[in-house]
Amino acid sequence: MQYIAAAIAVLGASIGAGYGNGKVISKTLESMARQPELSGQLRSTMFIGVALIEAIPIIGVVIALLLLFK
């Protein structure tokens, strides 16, 4: 059961991060198309958002490892 729980933790985190990254990047590109003069500021904000979203799968892997080796 620990292996299944670990797999579900990693699966959920990776699916959520993939969806979140897709939404952030698509909305940023849409905003850049509407207001090209803000593209630099939007790009830096996007990178911060993507970095925060990518932290979630890392936390999921840590939780999975804790479930496996507890």
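Residues numbered from 1 in each chain as written. Predicted model: local features only at pLDDT ≥ 70, side-chain atom pairs only at ≥ 80, totals over all residues. Heavy atoms only, no water.

## What to know about the overall build of the chain
Part 1: A count of helical and extended segments in the chain gives 2 helices and 0 strands.
Part 2: Relative to the compact-globule value of 11 Å for 70 residues, the chain shows a C-alpha radius of gyration of 16 Å, a clear excess of over 25%.
Part 3: Each of the three principal axes of the chain carries a C-alpha extent, and together these read 50 × 15 × 5 Å.
Part 4: For the chain, the residues scored as buried account for 19% of the 70 residues in total.
Part 5: Carbon and sulfur atoms provide 74% of the accessible area of the chain, an area that totals close to 5,200 Å². (Helix = DSSP H or I, 4+ residues; strand = E, 2+ residues; numbered from the N terminus. Rg over C-alpha atoms; globule rule 2.2 N^0.38 Å. Buried < 20%, exposed > 50% of the residue type's maximum accessible area, 1.4 Å probe, protein only. Areas by Shrake-Rupley, 256 points an atom, 1.4 Å probe, with all protein chains shown as cover.)

## As for the pattern of salt bridges
Part 1: A complete count under the given rule lists 2 salt bridges for this structure.
Part 2: Salt-bridge contacts for Glu 30 lead to Lys 27; the nearest nitrogen and oxygen are separated by 3.9 Å. Separated by 3 residues within a single helix, Glu 30 and Lys 27 lie in helix α1 (residues 2-34), roughly one turn from each other.
Part 3: For Arg 34, the salt bridge identified is with Glu 30, shortest N-O distance 3.5 Å. With Arg 34 and Glu 30 both in helix α1, this residue pair falls 4 residues apart, about one helical turn. (Salt bridge = Lys/Arg side-chain N within 4 Å of Asp/Glu carboxyl O.)

## A few points about the side chain of Asn 21
Part 1: Inspection of the secondary structure puts Asn 21 in helix α1.
Part 2: According to the relative accessible area criterion, Asn 21 is buried, its value standing at 12%.
Part 3: Among the polar contacts listed, one links the side chain of Asn 21 to the side chain of Glu 54, at a separation of 2.4 Å.
Part 4: Not counting chain neighbours up to four residues away, the residues in contact with Asn 21 comprise Val 50, Ile 53 and Glu 54. (Polar contact = N/O pair within 3.5 Å; in protein donor to acceptor, adjacent residues only side chain to side chain. Contact = heavy atoms within 4.5 Å.)

## Considering the environment of Leu 65
Part 1: Along the chain, Leu 65 falls in helix α2 (residues 39-68).
Part 2: For Leu 65, a relative accessible area of 43% gives the class partly exposed.
Part 3: Note: C-alpha distance between Leu 65 and Ile 15 (50 residues apart in sequence) is 18 Å.

## Brief notes about the UniProt feature "transmembrane region" (unreviewed entry) in the chain
Part 1: Per the UniProt annotation, the sites labelled "transmembrane region" (unreviewed entry) are residues 46-69.
Part 2: Overall, residues 46-69 shows 96% helix and 0% strand. The separation of its end C-alpha atoms is 36 Å. (UniProt positions renumbered as here; feature names shortened; annotations may be inferred.)

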